[in-house]
Amino acid sequence: YLGHSNLGTKSSGSIDYSGGLWVASHGSRSLDMSGKFSALAHNDLTSDAAFGVLTILLLLVGAILWSATRSRAEHQEEVRQEARSVARLAAAYLNQYFDGLDAIAAALMRHPAIPVLNPAECARLFAGLPSEQPLLLNVVLRDRNALLVASATGVPADRASGPAPAYVMDVLKTGRPGISELIVDPLTGRPTIGQAYPVRADDGAVVGVLALSLNL
C-alpha cells in the first residue's frame, strides 16, 4: 500500500531532522523551524527583561517620592513644634510683662497728680518710664471724655486731638481694666498692645483712664 500511495500521489512536503535541526521542506523550499522557535524565545525573554526593568524603575521612583514626602512631613511637624514652643515662650513673657504693667499702673495710681488729672505733673511723672522699661512704648492719661491729658512721649498736634482707641473707651464705659488686641497706637503710629485702667476720684467715680502700651 505504501508503494502504491507513493506512485499515485506527488509528495507535497516533509519534515526531517538534520544536523540537530528540524527542517520542513515543501517542494524546493525548506524552512528552519528551530530558528523560528529560537527567535520567539528570544523575543519573550527580551520582553520579560524590559518589563522587569520597568517595574524596578517604577518601584524605585515610588520609594524616592515616598521618602521625600515623609521627610517633608517630618520637617513640617518639626517646624510646627518649634513654632508652638516659641509661641508658648512668647506668651509666658507677655503674661509676665503684663503683670509688670499692673504693678507700674498701681504705683502710678498712688501719685496725687493722677486722680486730679494734672497735665504738667503727669507728663513729668511719665517722661522717664519708657527709657527705664524697654518694652514700654508709652504711658497715656485721658479724662472721662477720652481727651488726652498727658503722654510719656511727645505727641504731634494733629494726633493729640484724635479719637481714643476702642479698648480705652470700653474702660470708661465699664469701669474695669481692659486690654487691646494688636493695634496701631494712635499717638505714636506704631504697632502695640495696650492695657488700660480706670482712674477714680476719692468718691470712686471714674474720672479718666491710664493706658500703658507695649513696644513690639
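Whatever comes next refers back to the structure up there.
The text that follows walks through the structure, step by step, so that each part is easy to find. (Residues numbered from 1 in each chain as written. Predicted model: local features only at pLDDT ≥ 70, side-chain atom pairs only at ≥ 80, totals over all residues. Heavy atoms only, no water.)

In terms of burial, strand 10 (residues 206-214) is largely enclosed, as 8 of its 9 residues are buried. Of the strand pairs in this sheet, strand 4 (residues 136-143) and strand 10 are connected by 7 bridges, and their pairing is antiparallel. Within strand 10, the residue paired with Arg142 across the bridge is Val209. Here strand 9 (residues 194-200) runs beside strand 10; their pairing, made up of 7 bridges, is antiparallel. Bridge assignment links Pro198 to a residue of strand 10, and that residue is Val209. Counting the residues that bridge the hairpin from strand 9 to strand 10 gives 5 residues, and of these Gly204 lies at a positive phi of roughly 90 degrees. (Buried < 20%, exposed > 50% of the residue type's maximum accessible area, 1.4 Å probe, protein only. Helix = DSSP H or I, 4+ residues; strand = E, 2+ residues; numbered from the N terminus. Pairing = 2+ DSSP bridges.)

Turning our eyes to something else, we now look at the sheet that holds strand 10. Spatially, the 5 strands line up as an open sheet ordered 5-4-10-9-6, and their pairing is antiparallel. Two strands close off the open sheet at either side, each with one partner strand: strand 5 (148-151) and strand 6 (178-179). Each of strand 4, strand 5 and strand 10 touches helix 3 (residues 119-127); the most contacted strand, strand 5, lies at about 30 degrees to it. (Contact = heavy atoms within 4.5 Å. Axes fitted to C-alpha atoms, helices over the stretch in contact; angles between N-to-C directions.)

Looking at the secondary structure, you find Ser180 in the loop between strand 6 and strand 7 (183-184). The buried category is assigned to Ser180, whose relative accessible area is 11%. Separated by 2.8 Å, the side chain of Ser180 and the backbone nitrogen of Gly194 make a polar contact. Setting aside its immediate chain neighbours within four residues, Ser180 contacts Tyr167, Thr192, Ile193 and Gly194. (Polar contact = N/O pair within 3.5 Å; in protein donor to acceptor, adjacent residues only side chain to side chain.)

Moving on, we come to empty space enclosed by the protein. Per the counting criterion, the structure on display carries 1 cavity of 30 Å³ or more. Within this model, the largest cavity holds a volume of roughly 80 Å³. Around the largest cavity, the lining residues are Asn138, Val140, Arg142, Pro165, Tyr167, Val168, Asp185, Pro186, Leu187, Ala211, Leu212 and Ser213. Within the residue set of the lining of the largest cavity, elements represented by two or more residues are strand 4, helix 6 (166-174) and strand 10. Considering only residue class, the lining of the largest cavity consists of 8 nonpolar, 2 polar and 2 charged. (1 Å grid on protein atoms, 1.4 Å probe; cavity = no way out; pocket = protein on both sides within 12 Å on 5 of 7 lines; lining within 4 Å. Points joined across faces, edges and corners; volume = space filled by probe spheres on them. Nonpolar A, V, L, I, M, F, W, Y, C, P; charged D, E, K, R; others polar.)

The subject of this paragraph is unusual backbone geometry. The backbone of Leu117 sits at a positive phi, close to 55 degrees, despite the residue not being glycine. Within the element layout of this structure, Leu117 appears in the loop between helix 2 (33-109) and helix 3. Of note in this structure, Ala146 is not a glycine but carries a positive phi near 70 degrees. By the element assignment, Ala146 lies in the loop between strand 4 and strand 5. Take Ala146: its relative accessible area is 7%, and that puts it in the buried class.

The values reported here are purely geometric and, on their own, carry no functional implication.
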